[in-house]
Amino acid sequence: MVKVREKAEKAPVADKKPARAAKPKKVVAAAKKPAKISGMNKHETDANDDKVYFMALGGLEHIGQNMYLYKYKGKYLVVDCGMGFLEEEIGAGDVQYCDTTWLEKRKKDVVGFVITHGHEDHIGALKYIWPKFRKPIYCTRFPAEILIQTFRGMEMDFNPEKDIVVFDHNGATLKLDPFEVETFHVSHSVPEAQMLIIKTPAGKILHTGDWTFNDDNPIEAPTDFARLREIGSDPKLLACMSDSTSASRQEKQTTETQVRDTFTRLMQEAPGRVIVTGYSRSIARMKMFAEAAHAAGRVAAIKERSNPNPVPYVGLPEFREMGMEFGYLGKDDVYLHSEIKDLPAEKQAIFLTGSQGEQFAMLTRLCRGHVKEMKLMPTDTVLFSSIIIPGREQDVSFLYNKLARMGI
Ligand SMILES: [Zn+2]
């Protein structure tokens with residue numbers, strides 16, 4: 001894991017050779033030698049090497065920066081390309097992603113990027129890394145929309161029709177010679193997550209991506225367990241590559257309908273406004289929040305930005321739009337705060353960002369009193385609807401203390 005910063009360009013060096021009379025040049029036909037690449041082993045470019053290699057450029061044993069390589073017959077398939085610094089989601093601070101210098105030297109042999117799902121730690125570094133490769137990105141429509149909006153916001157030179165290949169979120173077969181990649185649906189906290197079966201004549205590898213196995217997901221079909229069972233007993237399966245946050249926790253996952261029922265009860269009991277904070281791209285959670293609000297006689301809304309973006313990024317308002325566009329949210333499920341702010345407090349339920357105490361996210365700004373059009377009140381109830389991501393404990397406890405001091 002490295003922190004990557006752009007290098008300053010070298011200053012041009014003055015030519016110190018004394019000027020000489022130009023000699024007539026000999027024209028010699030010579031085959032161009034391939035450039036020597038440091039760290040290359042003797043099998044490196046062997047198009048007949050029948051082994052499958054796996055390399056993790058990032059993502060193992062820590063949160064974020066997921067980027068993996070599969071190599072077969074001298075060709076490289078990239079799976080995911082994520083950010084390693086959570087502050088990026090709210091557009092502040094340094095950024096961290098994988099150092100791809102090694103892979104850039106093998107750029108001509110990279111066949112493409114396959115994206116498992118649209119979380120920032122799986123797609124967020126494409127905006128920095130993809131321009132160095134310009135190879136097709138294969139993903140479903142939800143991450144594709146995030147990428148298109150992000151690339152456009154950064155005024156990147158790209159052609160969405162050519163550079164981003166959208167495949168069916170119910171499953172697809174992708175041909176990236178010499179690989180074939182079969183995808184199938186897995187439940188996760190962002191829509192359209194995919195497991196990959198990477199197929200070569202030498203064997204198959206199951207690459208799970210992140211998974212939640214939340215089988216009452218209200219906006220999607222459950223995980224394709226039949227396909228998972230089938231591939232598990234396939235004699236051609238060489239390995240299963242799997243690394244998902246909290247995968248080692250033994251207890252059962254809380255289901256989305258359980259979360260909705262808890263929301264409903266708390267919203268019925270709360271004397272004033274209810275504020276829920278969670279992950280902005282968890283459309284299923286937004287849907288549960290909306291259903292609970294309706295059941296408790298409240299109107300659901302998100303808190304939109306109150307200041308212009310410090311950098312172009314896709315955030316809560318855009319995810320709400322995508323949720324409606326792709327049919328995961330109804331048109332009247334979730335309004336904007338500006339549309340409901342004049343309702344009585346006990347009729348309001350507001351979803352906003354900042355569950356991890358991110359410096360510039362809405363809840364932190366509210367706690368600091370930095371939002372002109374919305375102030376926290378002692379009668380408010382604030383619900384944290386996410387786990388604390390390892391490493392964020394201090395920032396979250398700052399919020400708890402601030403809220404407690406306000407009498408919330
Ligand atoms: Zn994820």
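What this report covers is the structure whose coordinates are included nearby. (Residues numbered from 1 in each chain as written. Predicted model: local features only at pLDDT ≥ 70, side-chain atom pairs only at ≥ 80, totals over all residues. Heavy atoms only, no water.)

### Details of the coordination of the zinc ion
Then, number 1: Donor atoms from the polypeptide that coordinate the zinc ion comprise His117 (NE2), His119 (ND1), His188 (NE2) and Asp210 (OD), at 2.2 to 2.3 Å from the metal.
Then, number 2: Spacing between the donor residues of the zinc ion along their common chain follows H-x1-H-x68-H-x21-D. One end of the pair, His119, is in the loop between strand 4 (110-114) and helix 2 (120-123); the other, His188, is in the loop between strand 8 (179-185) and strand 9 (194-200), and 69 residues separate them in sequence.
Then, number 3: Here His119 falls in the buried class, since its relative accessible area comes to 14%.
Then, number 4: Of the residues examined, His188 reaches a relative accessible area of 10% and is grouped as buried. (Donors = N, O, S within 2.8 Å, 3.2 Å for Na, K, Ca; no water. Helix = DSSP H or I, 4+ residues; strand = E, 2+ residues; numbered from the N terminus. Buried < 20%, exposed > 50% of the residue type's maximum accessible area, 1.4 Å probe, protein only.)

### Notes on helix 6 (residues 225-232)
Then, number 1: Buried within helix 6 we find Arg227, Leu228 and Ile231. All buried residues of helix 6 fall inside an arc of 100° around its axis, so they share one side. Exposed positions of helix 6 whose direction lies more than 90 degrees from the buried face are Ala226, Arg229 and Gly232.
Then, number 2: Of the surrounding secondary structure, the elements contacted by the buried residues of helix 6 are strand 8, strand 9, strand 10 (203-207) and strand 11 (237-241). (Arc of directions from axis to C-beta. Contact = heavy atoms within 4.5 Å.)

### Some points on the packing of aromatic side chains
Then, number 1: Here the structure, examined in full by the defined rule, presents 13 aromatic pairs.
Then, number 2: Here Phe54 and Tyr68 contribute two aromatic rings whose centre-to-centre distance is 5.9 Å and whose plane-to-plane angle is 20°, an arrangement assigned as stacked. Of this pair, Phe54 sits in strand 1 (residues 52-58) while Tyr68 sits in strand 2 (residues 67-72); the two residues are 14 residues apart in sequence, bridging distant segments of the chain.
Then, number 3: For Tyr68, a relative accessible area of 4% puts it in the buried group.
Then, number 4: Here Phe151 and Phe158 contribute two aromatic rings whose centre-to-centre distance is 5.1 Å and whose plane-to-plane angle is 85°, an arrangement assigned as edge-to-face. The burial state of Phe151 is the same as that of Phe158; both residues are buried.
Then, number 5: Cluster of aromatic residues (ring-pair linked, three or more members): Phe54, Tyr68 and Tyr70.
Then, number 6: Stacked on the ring of Tyr53, the Lys or Arg Lys71 has its end atom at 4.8 Å from the ring centre.
Then, number 7: Note that Arg106 overlies the ring of Trp102, its terminal NZ or CZ placed 3.8 Å from the centroid. (Phe/Tyr/Trp six-rings, centres within 6.5 Å; stacked < 30°, edge-to-face > 60°. Lys NZ or Arg CZ within 6 Å of the ring centre and 35° of its normal.)

Any functional reading would require information beyond the geometric quantities listed.
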